[in-house]
Amino acid sequence: MTAPVDVSPLPGSLELDGVTHAVVLEAASRLSFLVRFEAGVSPPIGTVFTKLVVHREGKPLTLTRARLERHEGRPDVAGRLVFVEDVFDCRALVKEGRVKNLLGFFNELPLVLAQREQITPDFRAYVADLNYDLTVYKKFFDEQDRLFEAEPTSVAAAAQQVLLARTSKEFFDYLDRMLEQLGQLVRDFTPEQHERHGYYFRQQLWPFIMSSAFMARTNLKPRGYAGDAAMMEMIYDNTWSGRWVFNKLMHKHPVGHAAAQAVRNRRVLVPTLLREHLATSAQTPFKVLSVACGPARELSDVFRSPADCQRIALTLLDQDDEALSAARATITQLEATLGVGITAKTVNDSVRTLLKEADLAGRLGRFDFIYTMGMFDYLTPPVAKAVLARLYELLAPGGVAVVGNYHVANRSRFYMAYWLDWILYYRTEGEMMAMASALPSARTTVGLDDTSCQMFLRVEKPG
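Now for a quick tour of the structure. Since this is a predicted model, take the numbers as computed values, not measurements.

Here the focus is the overall build of the protein chain. In terms of helices and strands, the protein chain carries 16 helices and 15 strands. Viewed in the frame of its principal axes, the protein chain has a C-alpha envelope of about 75 × 60 × 50 Å. The average position of the 53 basic charges and that of the 54 acidic charges among the side chains of the protein chain differ by 2 Å.

Tallied over the full model, the rule gives 29 salt bridges. Between Glu322 and Arg223 there is a salt bridge, with the nearest N and O atoms lying 3.9 Å from each other. Linking Glu322 in helix α11 (residues 321-338) with Arg223 in the loop between α6 (213-220) and α7 (229-237), this pair joins segments that are 99 residues apart in sequence. The closest approach of N and O atoms between Glu233 and Arg297, which form a salt bridge, is 2.5 Å.

If you walk through the whole model with that rule in mind, you get 23 aromatic pairs. Seen in terms of ring centroids, Phe83 and Phe88 are 5.0 Å apart; in terms of plane orientation they differ by 75°. Their pairing is edge-to-face. Here Phe83 matches Phe88 in class, with each residue buried. Here Phe201 and Tyr418 contribute two aromatic rings whose centre-to-centre distance is 6.0 Å and whose plane-to-plane angle is 90°, an arrangement assigned as edge-to-face.

Phe171, Leu299, Phe303 and Trp419 are the most contacted members of the largest nonpolar core, which has 82 residues in total. In this structure, Phe376, Leu388, Tyr392 and Met435 belong to the second largest nonpolar core, which totals 30 residues.

Moving on: the sheet that holds strand β1 (residues 10-16). Read across the open sheet, the eight strands follow the order β4-β7-β8-β3-β2-β1-β5-β6; overall the sheet is antiparallel. Either end of the sheet is taken by a strand with one partner, and the two such strands are β4 (48-49) and β6 (59-63). With seven bridges joining them, β1 and strand β2 (residues 19-29) adopt antiparallel strand pairing. The partner of Leu10 across the bridge, within β2, is Leu25.

Time to look at the packing of helix α3 (residues 121-149) against helix α5 (residues 191-210). Viewed as axis vectors pointing N to C, α3 and α5 meet at an angle of 15°, and their least axial separation amounts to 10 Å. On the basis of their axis angle, the class for α3 and α5 is roughly parallel. Note on packing geometry: the crossing formed by α3 with α5 is right-handed. Note on element contacts: α5 touches α3 through His197, Tyr200, Phe201, Gln204, Leu205 and Phe208, opposite Phe123, Arg124, Tyr126, Val127, Leu130, Asn131, Leu134, Thr135 and Lys138.

So, on to unusual backbone geometry. Here the amide bond leading from Thr284 into Pro285 is cis, since omega sits at 0°, within 30 degrees of zero. Checked against the element boundaries, Pro285 lands in the loop between α9 (258-280) and β9 (286-291). At Ala292, a residue that is not glycine, the phi angle is positive and equals roughly 55°. With respect to the helices and strands, the residue Ala292 is situated in the loop between β9 and α10 (306-311). On the basis of relative accessibility, which here comes to 33%, the residue Ala292 falls in the partly exposed class.

Bringing the packing of helix α4 (residues 153-186) against helix α8 (residues 245-255) into the picture now. Contact pair α4 / α8: the axes reach a minimum separation of 10 Å and the direction vectors enclose 50°. One finds that α4 runs oblique with respect to α8. At the point where α4 passes α8, the crossing takes the right-handed sense. In this structure, α4 uses Gln160, Leu163, Leu164, Ser168, Phe171, Phe172, Leu175, Asp176 and Leu179 to contact α8, whose residues at the interface are Val245, Phe246, Lys248, Leu249, Met250, Lys252 and His253. Along the lines of polarity and charge, the residues of the contact of α4 with α8 split into 10 nonpolar, three polar and three charged.

The rules we used
Residues numbered from 1 in each chain as written. Predicted model: local features only at pLDDT ≥ 70, side-chain atom pairs only at ≥ 80, totals over all residues. Heavy atoms only, no water. Helix = DSSP H or I, 4+ residues; strand = E, 2+ residues; numbered from the N terminus. Lys, Arg positive; Asp, Glu negative; His and termini not counted. Charge placed at Lys NZ, Arg CZ, Asp CG, Glu CD. Salt bridge = Lys/Arg side-chain N within 4 Å of Asp/Glu carboxyl O. Phe/Tyr/Trp six-rings, centres within 6.5 Å; stacked < 30°, edge-to-face > 60°. Buried < 20%, exposed > 50% of the residue type's maximum accessible area, 1.4 Å probe, protein only. Core = buried A, V, L, I, M, F, W, Y, C linked by side-chain atoms within 4.5 Å. Pairing = 2+ DSSP bridges. Axes fitted to C-alpha atoms, helices over the stretch in contact; angles between N-to-C directions. Parallel < 35°, antiparallel > 145°, perpendicular 65-115°, else oblique. Left-handed = near helix turned anticlockwise from the far one by under 90°. Contact = heavy atoms within 4.5 Å. Nonpolar A, V, L, I, M, F, W, Y, C, P; charged D, E, K, R; others polar.

Below you can see the structure in the form of structure tokens.
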């Protein structure tokens, strides 16, 4: 999955034999530019230029030697520039204004390799034992799959189901024991030690991590962050995913763990709180805002009847256009099921916009119910407090906001950090209440879901 490239043209210059050629550049791909020469006369294809200077917001950014190559389908450009000494991230340069050499990591390898000397002996031994055990388990399961492959498809599927039913509990119990042991080893680590040991852990166990569709996505982060819409869909589905038995087991265990169950719980709990407030409110339309909405699966418990569709006006906000597409698909499916249209709009915005825009209510409106189920887990304490204050501003008198956050006692905490490379800001009940302490006249309560992993801060604005 590749994010769209920003093709906004940038001015620049190419140098060759002491002569400077003024050019206009577009990011053709992550590793190359399309180029037009301002003078209208292009050097021959194959020309290697001494350096490229890109001007972004008045700032010159210098890159090394680049070769002009032919590019078909765009008669308005002279060709494509490909770097011949380094591998630059053209997308990062265009979108963020920074020169990022993708070979830079190679220069850091000695330092990274030296990090292993700071791994504790107990942790090394733990990872070695885990690696050995998983290798043995995988060998056994792979041998069964090879036997099944020789059978007709229906027979192989049935045999695989029997194997999963007979072995999954023992294998999951083993993983749970190893997770408990991991927690004992790392619970007193500093943040720096967690980062160092987590990196070591994932390098040693990478093939096993990649065997799980869920863990592969949390680690690779194709949308640039953990917790994207596709990851949420995997958690909601909670199914056996993968072709082989070992793949299925390694996928199913994390999506069935406590933190994942808390995600499924909040999908029901938040609509329950929304409908409780809806039942006591006289507002029509009853305006609802979902912040960092993701795929919005919870809407099936919000819109239960045509009457709900007629009364509730929904706004879905997310920084990820893929998440908004998934949310729109959820709404379309609900409309087809209920036979009536839903008043809904989507807003592609980030936390930065929420904080910076002076008249946020003027653009988005005011709402009777605001909820955000997973965003605050990624916000530092100062940012979380500031965002909550902006959401409180968006509440209409008598409105309610519900904010989810994982609790410090989340039983999946080290699973997420070490296996999934999924780092969150965990909070206590007191920290959640303190986050709302400056909200004028707000009535606040905090509760936990039945896994005790997930907290919900409920904030009510006086009528």
